[in-house]
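Reading the structure
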Amino acid sequence: RRALVSELGETGSLPVFGILLREISTPESQLREQAIQSAIELIAHAKPANSHIVRKTVGMHLQQFADQDMIDTLSTIADTSTPQIRRNAIWVLCQLIDPSVHTECLDKLIAAIADDDDNTAKMTVSKLAKFTDPVVIDRLEEFIKTNNVESRVLRRADYIRDQIETKTADDRLKDAV
């Protein structure tokens, strides 16, 4: 059973996700971490024509069962050297975390704006820019202060900050009216 769960993600086929979801939805499952890993591989290996629906479906179902253990597992998966796996783990993490609660994970996501894989970096910028929590700006500024970052990373950080500050101001205006 362990071997089956760990191999299912390589199919890239959505119909096998139900098997993975059964393990993911059971917090005490001994196969849960492997099932989460396989779910990320499923997204990464999906055929281009189906990749969007696979990503959305897997992401939606993972949100239903998200807990700290899942976030920790995804955070570990995001450390992989395989760009497609890393990118998809980061994408799912961006869907699951609360920036104020999961600051350690947020720091990992912020570091991904400097990823060597340009697609991963750009996707992470896009996802981080959608947050409205000011803690993202605080952690972003801390990242810039403590790391020697290239100008492209500074531009990405500025973009995220501008988007969050604009949204926050817009949100305040809507609340006032």
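Shown above is the structure to which this text applies.
All values derive from a computational prediction rather than experimental measurement.

Thoughts on the overall build of the protein chain
For the protein chain, the count of helices and strands is ten helices and zero strands. Taken from N to C terminus, the helices and strands of the protein chain fall in the order α-α-α-α-α-α-α-α-α-α. Against the 2.2 N^0.38 benchmark of 16 Å for 177 residues, the protein chain shows a C-alpha radius of gyration of 17 Å, consistent with a compact globule. Considering only contacts in the protein chain between residues 6 or more positions apart, those separated by 24 or more positions represent 69%. For the protein chain, the accessible surface area stands at approximately 9500 Å², while carbon and sulfur atoms represent 49% of it. The positive charge centre, built from 22 side chains, and the negative charge centre, built from 28, are 6 Å apart in the protein chain.

Observations regarding the layout of surface pockets
Of the volumes computed, that of the largest pocket is approximately 160 Å³. As for the largest pocket, its lining consists of Ile-43, Ala-44, Ala-46, Ser-51, Arg-55, Gln-84, Arg-87, Asn-88, Trp-91, Asn-119 and Met-123. For the lining of the largest pocket, the secondary-structure elements that each account for two or more residues are helix H3 (32-45), helix H4 (51-64), helix H6 (83-96) and helix H8 (118-128). By residue number, the principal contributor to the lining of the largest pocket is H6, which donates four residues. Split by residue class, the lining of the largest pocket holds five nonpolar, four polar and two charged.

Remarks on helix H5 (residues 68-77)
For H5, the full list of buried residues reads Met-70, Ile-71, Thr-73, Leu-74, Ser-75 and Ile-77. Packed against the buried residues of H5 are helix H2 (17-24), H3, H4, H6 and helix H7 (103-111).

Here's the deal with the state of the cysteines
Evaluated as defined, the whole model comprises zero disulfides. For the unlinked cysteine Cys-94, the closest cysteine sulfur is that of Cys-105, found at 7.9 Å.

Let's talk about the pattern of salt bridges
All told, the structure shown has ten salt bridges when counted by the stated rule. Between Arg-152 and Glu-150 there is a salt bridge, and its shortest N-O distance comes to 2.8 Å. By relative accessible area, Arg-152 is classed as partly exposed at 24%. Arg-161 is the partner of Asp-158 in a salt bridge, and the nearest nitrogen-oxygen pair spans 2.3 Å. Taken as a pair, Asp-158 and Arg-161 lie in helix H10 (residues 151-176) at a separation of three residues, close to a single helical turn. Classification of Asp-158 as partly exposed rests on a relative accessible area of 33%.

Calculation criteria
Residues numbered from 1 in each chain as written. Predicted model: local features only at pLDDT ≥ 70, side-chain atom pairs only at ≥ 80, totals over all residues. Heavy atoms only, no water. Helix = DSSP H or I, 4+ residues; strand = E, 2+ residues; numbered from the N terminus. Rg over C-alpha atoms; globule rule 2.2 N^0.38 Å. Contact = heavy atoms within 4.5 Å. Areas by Shrake-Rupley, 256 points an atom, 1.4 Å probe, with all protein chains shown as cover. Lys, Arg positive; Asp, Glu negative; His and termini not counted. Charge placed at Lys NZ, Arg CZ, Asp CG, Glu CD. 1 Å grid on protein atoms, 1.4 Å probe; cavity = no way out; pocket = protein on both sides within 12 Å on 5 of 7 lines; lining within 4 Å. Points joined across faces, edges and corners; volume = space filled by probe spheres on them. Nonpolar A, V, L, I, M, F, W, Y, C, P; charged D, E, K, R; others polar. Buried < 20%, exposed > 50% of the residue type's maximum accessible area, 1.4 Å probe, protein only. Disulfide = S-S within 2.5 Å. Salt bridge = Lys/Arg side-chain N within 4 Å of Asp/Glu carboxyl O.

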